[in-house]
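Given next are the chains, with one letter for each unit.
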Amino acid sequence: MRLYLIRHGQTDWNVAGRIQGSTDIPLNDTGRRQAACLAEGMEKRPVTQVFSSTLSRAYETAAAIGKRQGVPVRGLSQLQEVNYGDWEGLTMEEIEQKYPKELEQWYLSPVEVAPPGGETQTQVYERCRQAVEKILDEAQGDVAVVSHGATVVFLLEYMLDGTGRDEEDDIIVGNASISTVEYDRETKRFALTQLNDREHLAGMEKG
């Protein structure tokens, strides 16, 4: 089966460089156009179901795919973006100014140290594991999984378990991008076949 890991469309906070995290920021007009282009691009990747973060920017993106393909959208709270606590709504420059010590500690040990009021990488990884298990348990065929920039990376880290990509390269996924993972139910192994595909947005970006 195939799992299409998708990042939501653009928001105003994406443009402003503000940390969104668990804050429920909606798509902006560009994001809605991206979601429409994404839904059209997904037509050549038919799915039986769409799983989505329950945050509106992801769910609206997922709904565009579900409507276009006539398949249900299932919200999963485990697919929400990383909770950055008190840092949400701030730019990195503002975080550096207001939370220099906390930021340094987080950089040194993000697995164990959380942003003030937020969650650690260990906690995010665990809920991503739960999300993948739920999806594999419920899926009847190929599925779309709509989430967020950081969470998509954690999902890929869990699925690939350090294999299938160059460890020296940081994974970065753009708004409304598609990353394709093949899953073999017999061997229970995942394989990344495409990362950060945004070809479906080409016409929009030219215009």
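Up top you'll find the structure we're talking about.
Draft legend 1. Looking closely at the packing of aromatic side chains. Tallying each qualifying case throughout the model produces six aromatic pairs. For the pair Trp-87 and Trp-106, a centre-to-centre distance of 5.4 Å together with 85 degrees between the ring planes defines the contact as edge-to-face. Remark: Trp-106 occurs in helix α5 (residues 100-108) and Trp-87 occurs in the loop between β3 (73-75) and α4 (92-98); sequence separation between them is 19 residues. For the pair shown, Trp-87 and Trp-106 are each scored as buried. Taken together, a centroid distance of 5.6 Å and an interplanar angle of 40 degrees make the contact between Trp-106 and Tyr-107 tilted. Among the aromatic side chains, those forming a connected cluster through ring pairs are Tyr-84, Trp-87, Tyr-99, Trp-106 and Tyr-107.

Draft legend 2. Summary view of the sheet that holds strand β1 (residues 2-7). Across the sheet, which stays open at both edges, the six strands sit in the order β3-β2-β4-β1-β5-β6 with mixed pairing between neighbours. The two strands at the open ends of the sheet, each matched to only one other strand, are β3 and β6 (189-197). Within this sheet the neighbouring strands show an average axis-to-axis angle of 20 degrees, counted without direction. As judged from the three bridges shared by strand β2 (residues 49-52) and β3, these two strands associate in the parallel manner. If you follow Val-50 over to β3, its bridge partner there is Val-73. Against the sheet, helix α3 (residues 56-69) engages β1, β2, β3 and β4 (143-147), with an angle of about 175 degrees to β2. Contacts from helix α7 (residues 149-160) reach β1, β4, β5 (178-184) and β6 within the one sheet, and its direction differs from that of β1 by about 155 degrees.

Draft legend 3. Molecular detail of the pairing of β6. In this sheet, β6 lies alongside β5 in antiparallel orientation, the contact comprising six bridges. Its bridge partner lying in β6, Asp-184 is registered against Arg-189. Between β5 and β6, which pair antiparallel and follow one another directly, the connecting turn spans four residues, one of which, Lys-188, has a positive phi of 60 degrees.

Draft legend 4. Spatial organisation of the nonpolar core. Residues Leu-3, Leu-5 and Phe-190 are the most contacted members of the largest nonpolar core, which totals 36 residues. Of all the secondary structure elements, the ones that give two or more residues to this core are β1, α5, α6 (121-138), β4, α7 and β5. The leading source of residues in this core is α7, at eight residues. Not counting residues up to four positions away in its chain, the partners in contact with Phe-190 are Leu-3, Val-132, Leu-136, Met-159, Leu-160, Val-181, Glu-182 and Tyr-183. Membership of the second largest hydrophobic core comes to 14 residues, among which are Tyr-4, Leu-38, Ala-58 and Ala-144.

Draft legend 5. Geometry of the pairing of β4. In terms of residue burial, β4 counts as a mostly covered element, since five of its five residues are buried. Burial of the side chains of β4 extends over both faces: Val-143, Val-145 and Ser-147 are buried on one face and Ala-144 and Val-146 on the other. Judged from the five bridges that link them, β1 and β4 form a sheet pairing that is parallel. What sits directly across from Tyr-4, in β4, is Ala-144.

Reading the values: rules and limits
- Residues numbered from 1 in each chain as written.
- Predicted model: local features only at pLDDT ≥ 70, side-chain atom pairs only at ≥ 80, totals over all residues.
- Heavy atoms only, no water.
- Phe/Tyr/Trp six-rings, centres within 6.5 Å; stacked < 30°, edge-to-face > 60°.
- Helix = DSSP H or I, 4+ residues; strand = E, 2+ residues; numbered from the N terminus.
- Buried < 20%, exposed > 50% of the residue type's maximum accessible area, 1.4 Å probe, protein only.
- Pairing = 2+ DSSP bridges.
- Axes fitted to C-alpha atoms, helices over the stretch in contact; angles between N-to-C directions.
- Contact = heavy atoms within 4.5 Å.
- Core = buried A, V, L, I, M, F, W, Y, C linked by side-chain atoms within 4.5 Å.

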